[in-house]
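If you want the building blocks of each chain, they are given just below.
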Amino acid sequence: MTAATTLAWLIALFIAISLLWRLFSQRQALPCPSWLGWMVELDNPFARTHRADFIVRQMLLAPGMTVLDAGCGPGRLSVPLAKAVGPAGSVVAADLQAGMLTRVRAKAQHAGIDNIDTRIVALGQGALETNRYDRVVMAAVLGEIPDARAALTELFGCLKPGGLLAIAELIFDPHFQRCGKVRALAEAAGFREHAHFGNAVAYLMLLERPD
Ligand SMILES: C[S@@+](CC[C@H](N)C(=O)[O-])C[C@H]1O[C@@H](n2cnc3c(N)ncnc32)[C@H](O)[C@@H]1O
């Protein structure tokens, strides 16, 4: 078998696994496993609106702010968020899986950052404090949560009035959520759309909890 044929087979296998995963996850919420964290950490070069630097730049952060990285995974966003809010600010990196949070702590330590707290949280189950955060980000997470409506209502409540929720979605994610669906769910939870970047297959939506 030539190298080109092997590569073609590998690509076909990757596409087949992605499609199967996508089909399966439509029936049952299936969180991205911790051992695939390395894949989540790679910033996708083909999707500007999903890159950590782009998301963090659009979140209108200021030093001293309190931020929730909801479904933080291995901390792709937590570390740049912590740098953006500075030592006077803080980031809570929340995820369902302890393995992801271990990775976040290792990255924070490596970067010499001590304003990240890690917390095991199942979003949508009402465990978050209310009126606590200036900003919340949720990138490639919504489709993994069994009750997306409950999760958005919870995130609305945990923001301070005037606070912003950033939702990023990317078509390559097997749990990708269409923009129209997310917008409708967010509006039902009480959010008002503040800004939108990208297109139908890769977007970042900024939603405001009205004052
Ligand atoms: C695809 S990863 C995205 C990680 C990160 N937001 C990023 O963009 O790099 C999705 C993460 O959401 C977490 N997750 C899924 N369902 C969750 C839930 N109900 N509550 C908290 N975290 C959840 C998974 O454990 C996983 O780490």
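Just so we're clear, the structure is a prediction, and the values are computed from it rather than from any experiment. (Residues numbered from 1 in each chain as written. Predicted model: local features only at pLDDT ≥ 70, side-chain atom pairs only at ≥ 80, totals over all residues.)

## Here we look at the overall build of the chain
Item 1. The helix and strand inventory of the chain stands at seven helices and seven strands.
Item 2. Along the chain, helices (α) and strands (β) appear in the sequence α-α-α-β-α-β-α-β-β-α-β-α-β-β when read from the amino end.
Item 3. Here the C-alpha atoms of the chain give a radius of gyration of 17 Å, agreeing with the 17 Å that 2.2 N^0.38 yields for 211 residues.
Item 4. Judged by the C-alpha coordinates and their principal axes, the chain covers about 60 × 40 × 30 Å. (Helix = DSSP H or I, 4+ residues; strand = E, 2+ residues; numbered from the N terminus. Rg over C-alpha atoms; globule rule 2.2 N^0.38 Å.)

## Observations concerning unusual backbone geometry
Item 1. With phi around 50°, Leu60 is a residue other than glycine that occupies positive phi space.
Item 2. Of note, Leu60 is situated in the loop between helix 3 (52-58) and strand 1 (66-70).
Item 3. With 13 C-beta atoms counted inside 10 Å, the residue Leu60 sits in the partly exposed group. (Buried ≥ 20, exposed ≤ 12 C-beta atoms within 10 Å, placed from the backbone.)

## Overview of the domain arrangement of the chain
Item 1. Entries for the chain in the domain assignment read domain 1 (1-30) and domain 2 (31-208).
Item 2. On a C-alpha basis, the centres of domain 1 and domain 2 stand 27 Å from each other. (Domains from an automatic or database assignment.)

## What about helix 4 (residues 78-85)?
Residues that lie three or four places apart on an α-helix share one face, since the helix turns once every 3.6 residues.
Item 1. Turning to helix 4, its buried residues are Ser78, Val79, Leu81, Ala82 and Val85. Seen from one end, helix 4 has its buried residues packed into an arc of 160°, which puts them on one side.
Item 2. In the core, the buried residues of helix 4 are packed alongside helix 3, strand 1, strand 2 (90-95), helix 5 (98-111) and strand 3 (116-120).
Item 3. Backbone geometry just downstream of helix 4 places Gly86 in the positive-phi region, at approximately 70°. (Arc of directions from axis to C-beta. Contact = placed C-beta atoms within 7 Å.)

## Here's the deal with the site of the ligand
Item 1. Lining the immediate surroundings of the ligand are 21 residues, of which Gly71, Gly73, Arg76, Ala139 and Glu144 lie closest.
Item 2. Split into classes, the residues belonging to the shell around the ligand amount to 14 nonpolar, four polar and three charged. (Near = placed C-beta within 6 Å. Nonpolar A, V, L, I, M, F, W, Y, C, P; charged D, E, K, R; others polar.)

## Remarks on the packing of helix 6 (residues 148-158) against helix 7 (residues 179-189)
Item 1. Orientation of helix 6 relative to helix 7, taken along the N-to-C sense of each, is 50°, at an axis distance of 9 Å. In terms of their interaxial angle, helix 6 and helix 7 are classed as oblique. Crossing hand, helix 6 versus helix 7: right-handed. Contacts between helix 6 and helix 7 involve Ala148, Arg149, Leu152, Thr153 and Phe156 from the first element and Leu185, Ala186, Ala188 and Ala189 from the second.
Item 2. Per-class residue counts for the contact of helix 6 with helix 7 are seven nonpolar, one polar and one charged. (Axes fitted to C-alpha atoms, helices over the stretch in contact; angles between N-to-C directions. Parallel < 35°, antiparallel > 145°, perpendicular 65-115°, else oblique. Left-handed = near helix turned anticlockwise from the far one by under 90°.)

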